[in-house]
Amino acid sequence: NAGVMQNPRHLVRRRGQEARLRCSPMKGHSHVYWYRQLPEEGLKFMVYLQKENIIDESGMPKERFSAEFPKEGPSILRIQQVVRGDSAAYFCASSPPRAGGYSGELFFGEGSRLTVL
Amino acid sequence: AQSVTQLGSHVSVSEGALVLLRCNYSSSVPPYLFWYVQYPNQGLQLLLKYTSAATLVKGINGFEAEFKKSETSFHLTKPSAHMSDAAEYFCAVSEAGTALIFGKGTTLSVSS
C-alpha cells in the first residue's frame, strides 16, 4: 500500500517563476493537508482540503499561493511569482474519512524542497 | 486557539541515558496530542498519540508520553537512548475536525 506520494522531491525556480507541487494521498484517504517547513520554525499549517473543497485555508498567504484537490488526480499546491522567501520544504499529509470517529492522525509524504534562486 | 510549546530546541544525551523531550499545549477543548519524528530529508512519522483514552501512551521504538491535564503537558520519554534515536521530534495538537498544529521541534542528539 503506497504511502503519500509527493513530487517533485526537489524543485529549483528563479524569482518570478511558478512552482507546482503535487501530492497523491494514501489509497482510501479523502483529506489532504499542506504544511510548510522552514529551519528552526517547525511545520506551519497552510491548507486543508477534501475532494473539490477547501475546508480551511487559514494558513495560506493571501497572495500568490493556491491549492486544489480535484475530483480526479493529485492535490496541487501552486505558488505564482516565487520569491526567495518561498524557499522551504513543503509537506503534504493525508487522513482517512472521518466516519467511525476522529483520530487526528496524519500520514506524511517525504516533502518537496523548493529552492528559489 | 490551540498552540504547542516545545521547551528546548536542542537536547543532547549520551547513549543509554534517559530521553526527556518537553511539550506543553494550549487548547480550549479536550485535545488530541501527538508526537512525530523526522529523520533528515524525510517526512514525519507518528511515534504515538493521545486521544482521551489512557493517559500514559506507549509508542514505537520504546517511546512513551504521559498526558497531564493539570500541567497541560505531554512530555515524551524513553528510558535508554540509542544512537538511532537522533532526529527531530515534533509535538502536535488538534481539536476534532481541525488540522494538526505543530511545535517548533526539538533536535535530539545522541553521543556514544
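Look a little higher up for the structure.
Since we're looking at a predicted model, the values are computed, not measured. (Residues numbered from 1 in each chain as written. Chains lettered and ligands numbered in written order. Predicted model: local features only at pLDDT ≥ 70, side-chain atom pairs only at ≥ 80, totals over all residues. Heavy atoms only, no water.)

Trainee: Which parts of the structure should I look at to understand unusual backbone geometry?
Mentor: Across the chain, the bulk of peptide bonds are trans and the bulk of non-glycine residues have phi less than zero. In this model, N7(A) is joined to P8(A) through a cis peptide bond whose omega is -5°. In this structure, P8(A) sits in the loop between strand 1 (5–7) and strand 2 (10–13). Here N61(B), not a glycine, exhibits a phi torsion of approximately 60°, which is positive. Assignment of secondary structure puts N61(B) in the loop between strand 6 (56–58) and strand 7 (64–68). Positive phi, close to 45°, is recorded for T72(B), a residue that is not glycine. A relative accessible area of 32% places T72(B) in the partly exposed class. (Helix = DSSP H or I, 4+ residues; strand = E, 2+ residues; numbered from the N terminus. Buried < 20%, exposed > 50% of the residue type's maximum accessible area, 1.4 Å probe, protein only.)

Trainee: I'm lost on the packing of aromatic side chains in this one. Help?
Mentor: Here a ring pair, both rings aromatic, is described through the centre-centre distance and the interplanar angle of the planes. Evaluated as defined, the whole model comprises 13 aromatic pairs over all chains. Ring geometry for Y50(B) and F67(B): centres 4.2 Å apart, planes at 20°, overall stacked. With a gap of 17 residues between them, Y50(B) in strand 5 (residues 44–50) and F67(B) in strand 7 connect regions that are remote in the sequence. No difference in accessibility class separates Y50(B) from F67(B), as the two residues are buried. Here the aromatic cluster, defined as three or more aromatic residues joined through ring pairs, consists of Y35(A), F45(A), F108(A), F34(B), Y36(B), F90(B) and F102(B). (Phe/Tyr/Trp six-rings, centres within 6.5 Å; stacked < 30°, edge-to-face > 60°.)

Trainee: What exactly am I supposed to notice about the sheet that holds strand 6 of chain B here?
Mentor: Sheet strands pair via backbone hydrogen bonds, and the direction of the pair is either parallel or antiparallel. Residue and element names in this part refer to chain B. Strand order in this open sheet of 5 strands is 1-3-8-7-6, and the pairing throughout is antiparallel. In the strand order of this sheet, the two ends are held by strand 1 (3–7) and strand 6, each with one partner. The mean angle between the axes of side-by-side strands here comes to 20°, regardless of whether they run parallel or antiparallel. Looking at chain direction, strand 1 and strand 3 (residues 19–26) are connected through 5 bridges and run antiparallel. (Pairing = 2+ DSSP bridges. Axes fitted to C-alpha atoms, helices over the stretch in contact; angles between N-to-C directions.)

Trainee: Just checking my understanding: could you explain the pattern of salt bridges for this structure?
Mentor: Pairing between side chains becomes possible if they bear opposite charge and their charged atoms approach one another. Residues and elements named next belong to chain A. Under the definition given, this model contains 7 salt bridges over all chains. E18 is the salt-bridge partner of R20, the closest N and O atoms lying 2.8 Å from each other. Residue classification places R20 among the partly exposed positions, given a relative accessible area of 41%. The exposure class of E18 is partly exposed, given its relative accessible area of 29%. The partner of R64 in a salt bridge is D86, with the nearest N and O atoms 2.7 Å apart. Of the two residues, R64 is situated in the loop between strand 6 (53–56) and strand 7 (65–68) and D86 in the loop between strand 8 (75–79) and strand 9 (88–95); the sequence distance between them amounts to 22 residues. On the basis of relative accessibility, which here comes to 26%, the residue R64 falls in the partly exposed class. D86 gets classed as buried once you look at its relative accessible area, which sits at 3%. (Salt bridge = Lys/Arg side-chain N within 4 Å of Asp/Glu carboxyl O.)

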